[in-house]
Amino acid sequence: MESLPFGDGAFDAVTGVNAFQFAGDPRQALREAARVTRPGGRVVASLFAAPERSQGTVAHEAMTALIPPERAGDHAPYALSAPGNLEASLVSAGLTLDASGEVVCSWRYASMDDAVRALLCSAGGARAAEAAGPQAVRDVLRRALAPFQDPQTSAITLRNTFRWVAAQRPPTA
């Protein structure tokens, strides 16, 4: 994301759905998105709202606890989530803000096994498994997700708030 293989102004729109915050340099990734967007085109980015606004944070925290502190910053699902942080990053990339909003999305898994399997396959799960082993990740996820399991259906549901911001590359004069 930080060095896209496309020419300047190659696209009418560039979207990043839960993506830019995972770049090594999120602000550089947003600058690249702006660069490859045509004048008058749009960049739209979505990501987690503040951690306390998403129940999925319990899974992220459980998996992050298994990673050595010196490597904890390698995976930052909330890197751009602070209020105004994404907006400021888009503006510093040379874009003009034109819309924003929030969407509540539920992660719903039919069973604990499905939830653990899905989260183990995420970037955070893979990093935690590399650091502590897959069984350790399964164990911490089962404990973290237990409060979200429906006793009637065994389904796991986590309500998460995502923010989105749309910005425009200024038209050329």
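Okay, so let's go over this structure. (Residues numbered from 1 in each chain as written. Predicted model: local features only at pLDDT ≥ 70, side-chain atom pairs only at ≥ 80, totals over all residues. Heavy atoms only, no water.)

## Concerning the overall build of the protein chain
- When helices and strands are tallied, the protein chain shows 6 helices and 4 strands.
- For the protein chain, the sequential pattern of α-helices and β-strands runs β-α-β-α-α-β-α-α-α-β.
- Projected onto the principal axes, the alpha-carbon positions of the protein chain cover approximately 60 × 35 × 25 Å.
- Across the 173 residues in the protein chain, those meeting the buried criterion constitute 40%.
- In the protein chain, of all internal contacts separated by at least 6 residues, the share reaching a separation of at least 24 is 81%.
- For the protein chain, the accessible surface area stands at approximately 8600 Å², while carbon and sulfur atoms represent 54% of it.
- For the protein chain, the separation between the mean place of its 16 positive charges and that of its 17 negative charges on side chains is 2 Å. (Helix = DSSP H or I, 4+ residues; strand = E, 2+ residues; numbered from the N terminus. Buried < 20%, exposed > 50% of the residue type's maximum accessible area, 1.4 Å probe, protein only. Contact = heavy atoms within 4.5 Å. Areas by Shrake-Rupley, 256 points an atom, 1.4 Å probe, with all protein chains shown as cover. Lys, Arg positive; Asp, Glu negative; His and termini not counted. Charge placed at Lys NZ, Arg CZ, Asp CG, Glu CD.)

## What to know about the nonpolar core
- Formed by 18 residues in total, the largest nonpolar core has its most connected members in Phe20, Leu30, Val43, Leu80, Leu86, Leu90 and Leu95.
- The biggest single contributor to this core is helix H1 (residues 26–35), with 4 residues.
- Leucine 80 has contacts with Phe20, Gln21, Pro26, Arg27, Leu30, Leu47, Asn85, Leu86, Ser89 and Arg163, leaving out every residue within four places of it along the chain.
- Counting residues in each nonpolar core, the second largest holds 16 residues, with Met112, Val137, Leu145 and Leu158 among its members. (Core = buried A, V, L, I, M, F, W, Y, C linked by side-chain atoms within 4.5 Å.)

## A word on H1
- Taken residue by residue, H1 has Pro26, Ala29, Leu30, Glu32, Ala33 and Ala34 as its buried positions.
- Residues of H1 that are buried make contact with strand E1 (11–17), strand E2 (37–48) and helix H3 (85–92).

## Comments concerning the packing of helix H4 (residues 112–120) against helix H6 (residues 134–145)
- Contact geometry for H4 and H6: axes closest at 10 Å, N-to-C directions at 125 degrees. What the angle tells us is that H4 and H6 run oblique. The hand of the H4/H6 crossing is right-handed. Only Pro134, Val137, Arg138, Leu141, Arg142 and Leu145 of H6 make contact with H4, whose side of the interface consists of Met112, Asp113, Ala115, Val116, Leu119 and Leu120. (Axes fitted to C-alpha atoms, helices over the stretch in contact; angles between N-to-C directions. Parallel < 35°, antiparallel > 145°, perpendicular 65-115°, else oblique. Left-handed = near helix turned anticlockwise from the far one by under 90°.)

These figures come from the coordinates and say nothing about function on their own.
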